[in-house]
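Analysis of the macromolecular model
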Amino acid sequence: MGNSDGYITTEVSQTTATQTVEFLDTGTELNFRPFVMADGYIRMDLFTKDSDGGVEVKDTFTLPSESTAEVTSNVLVKDGHTIVIGGLFRERTSLTRSQVPVLGNLPVVGPLFRDTIDDSGKEEVIFMITPHIVQDNVDYAMADQVKMEIQQKMMGYREGLLCYGRDRLSSAHYQCALQNQEKGKMKAALWDATLASHMNPNFLDAVQLKEELQGKALYEEQYGPMNQFMRNLLERQGAAAPRQ
């Protein structure tokens, strides 16, 4: 908080003269940069400034003048505790004159009808700062959700870049196993399902399909058409053989 006084600066070159309006900012200023520590403490870099001044016109020139008091400090404070910063002193001087009209301007006796008061004082600007660490569970939950979404997107990008990754190959073999199962090619389907479950043991659908196909393949090995034909042929040959 403070004042901002404008003044004109002139820049002269060989051919032109350029005037610019600038401002002199005076008053009280507080700048700080906090650092939150893991143990609940807060470290702050503090810069405080108190200035006074103005702009004077002398011989058509505007001259800014400023007097300042500055304090720079580095403090360590616990969450919720208060620190006090001082050391910014401001001196004030005033001269007040009062008189009786006409009589106060008379020579010799004029001082009897006028009065001059010279007042000076000293002030100190004090800052009281109480920092707080804001802990919002909702914000933490949103941050965790955003972190999870970023990780999922990174995994998706990685799978998209690795066109021959184990996950994609496992999914491709699983689709081939389903197609072969629909066509009745159980051995080919079992082969693809076995590859899919081997490449990705956590692929539950591929594991279940493999177990299902293993049961059907075992049935075909024991009771398939070719084995049944050979069994019938052996039985006929045994029945037709002459007994001795």
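For the structure itself, consult the block above.
Procedures and definitions
- Residues numbered from 1 in each chain as written.
- Predicted model: local features only at pLDDT ≥ 70, side-chain atom pairs only at ≥ 80, totals over all residues.
- Heavy atoms only, no water.
- Helix = DSSP H or I, 4+ residues; strand = E, 2+ residues; numbered from the N terminus.
- Expected span 1.5 Å × (residues − 1).
- Buried < 20%, exposed > 50% of the residue type's maximum accessible area, 1.4 Å probe, protein only.
- Arc of directions from axis to C-beta.
- Patch = residues over 30% accessible without salt bridge, like charges linked within 9 Å, V, L, I, M, F, W, Y side chains within 5 Å.
- Areas by Shrake-Rupley, 256 points an atom, 1.4 Å probe, with all protein chains shown as cover.
- Salt bridge = Lys/Arg side-chain N within 4 Å of Asp/Glu carboxyl O.
- Pairing = 2+ DSSP bridges.
- Polar contact = N/O pair within 3.5 Å; in protein donor to acceptor, adjacent residues only side chain to side chain.
- Contact = heavy atoms within 4.5 Å.
- Axes fitted to C-alpha atoms, helices over the stretch in contact; angles between N-to-C directions.
- Parallel < 35°, antiparallel > 145°, perpendicular 65-115°, else oblique.
- Left-handed = near helix turned anticlockwise from the far one by under 90°.
- Nonpolar A, V, L, I, M, F, W, Y, C, P; charged D, E, K, R; others polar.

Observations regarding helix 2 (residues 166–183)
- For helix 2, which comprises 18 residues, the first-to-last C-alpha distance of 26 Å matches the rise-based estimate of 26 Å (1.5 Å per residue) to within 8%.
- Looking only at helix 2, the buried set comprises Ser170, Tyr174, Ala177, Asn180 and Gln181. The arc that holds every buried residue of helix 2, seen down its axis, measures 125°, which confines them to one face. In helix 2, the exposed residues that point more than 90 degrees away from the buried face are Glu182 and Lys183.
- With its phi angle positive at about 85°, glycine 184 sits one or two positions after the end of helix 2.

Quick look at helix 3 (residues 186–199)
- The end-to-end C-alpha distance of helix 3, which contains 14 residues, comes to 20 Å, matching closely the 20 Å that a straight helix rising 1.5 Å per residue would cover.
- Regarding helix 3, the residues found buried are Met186, Ala189, Leu190, Asp192, Ala193, Ala196 and Ser197. Relative to the axis of helix 3, the buried residues are bounded by an arc of 165° and lie together on one face. Across helix 3 from its buried face, at more than 90 degrees, point the exposed residues Lys187, Trp191 and His198.

Details of a nonpolar patch on the surface
- A cluster of nonpolar side chains, Val100, Leu103, Leu106, Val108, Val109, Leu112 and Phe113, forms an exposed patch at the surface whose accessible area comes to about 620 Å².
- Inspection of the secondary structure puts phenylalanine 113 in the loop between strand 5 (83–99) and strand 6 (114–129).
- Overall, the relative accessible area of 32% leaves phenylalanine 113 in the partly exposed class.

Let's talk about the pairing of strand 2 (residues 17–36)
- The pairing of strand 2 with strand 3 (residues 41–58) spans ten bridges and is classified as antiparallel. Residue pairing in the sheet places phenylalanine 35 in a bridge with arginine 43 of strand 3.
- From the end of strand 2 to the start of strand 3, which pair antiparallel, there are four residues, and glycine 40 there has a positive phi angle of about 90°.

Observations concerning the side chain of serine 197
- Mapped onto the elements, serine 197 comes out in helix 3.
- Looking at serine 197, its side chain comes within polar contact range of the main-chain oxygen of threonine 194, at 3.0 Å.
- Setting aside chain neighbours within four positions, we find serine 197 in contact with Ala206, Val207 and Lys210.

Things to note about the pattern of salt bridges
- The full count for this structure, using the stated rule, is two salt bridges.
- Linking arginine 33 and aspartate 45 is a salt bridge whose minimum nitrogen-to-oxygen distance equals 3.5 Å. With arginine 33 in strand 2 and aspartate 45 in strand 3, the pair connects residues that are twelve residues apart, well separated along the chain.
- Aspartate 45 is the partner of arginine 43 in a salt bridge, and the nearest nitrogen-oxygen pair spans 3.5 Å.
- Linked by salt bridges that have partners in common, Arg33, Arg43 and Asp45 make up one network.

Details of the side chain of serine 170
- One can find serine 170 in helix 2.
- Not counting chain neighbours up to four residues away, the residues in contact with serine 170 comprise Ala196, Met199, Asn200 and Phe203.

A word on the packing of helix 2 against helix 3
- Closest axis-to-axis distance for the helix 2/helix 3 pair is 8 Å, and the angle between their directions is 160°. The pairing of helix 2 with helix 3 is recorded here as roughly antiparallel in orientation. In this structure, helix 2 meets helix 3 at a crossing whose hand is left-handed. Here Arg166, Leu169, Ser170, His173, Tyr174, Cys176, Ala177, Asn180 and Gln181 of helix 2 come into contact with helix 3, specifically with Met186, Ala188, Ala189, Asp192, Ala193, Leu195, Ala196, His198 and Met199.
- Classifying every residue of the contact of helix 2 with helix 3 gives eleven nonpolar, five polar and two charged.

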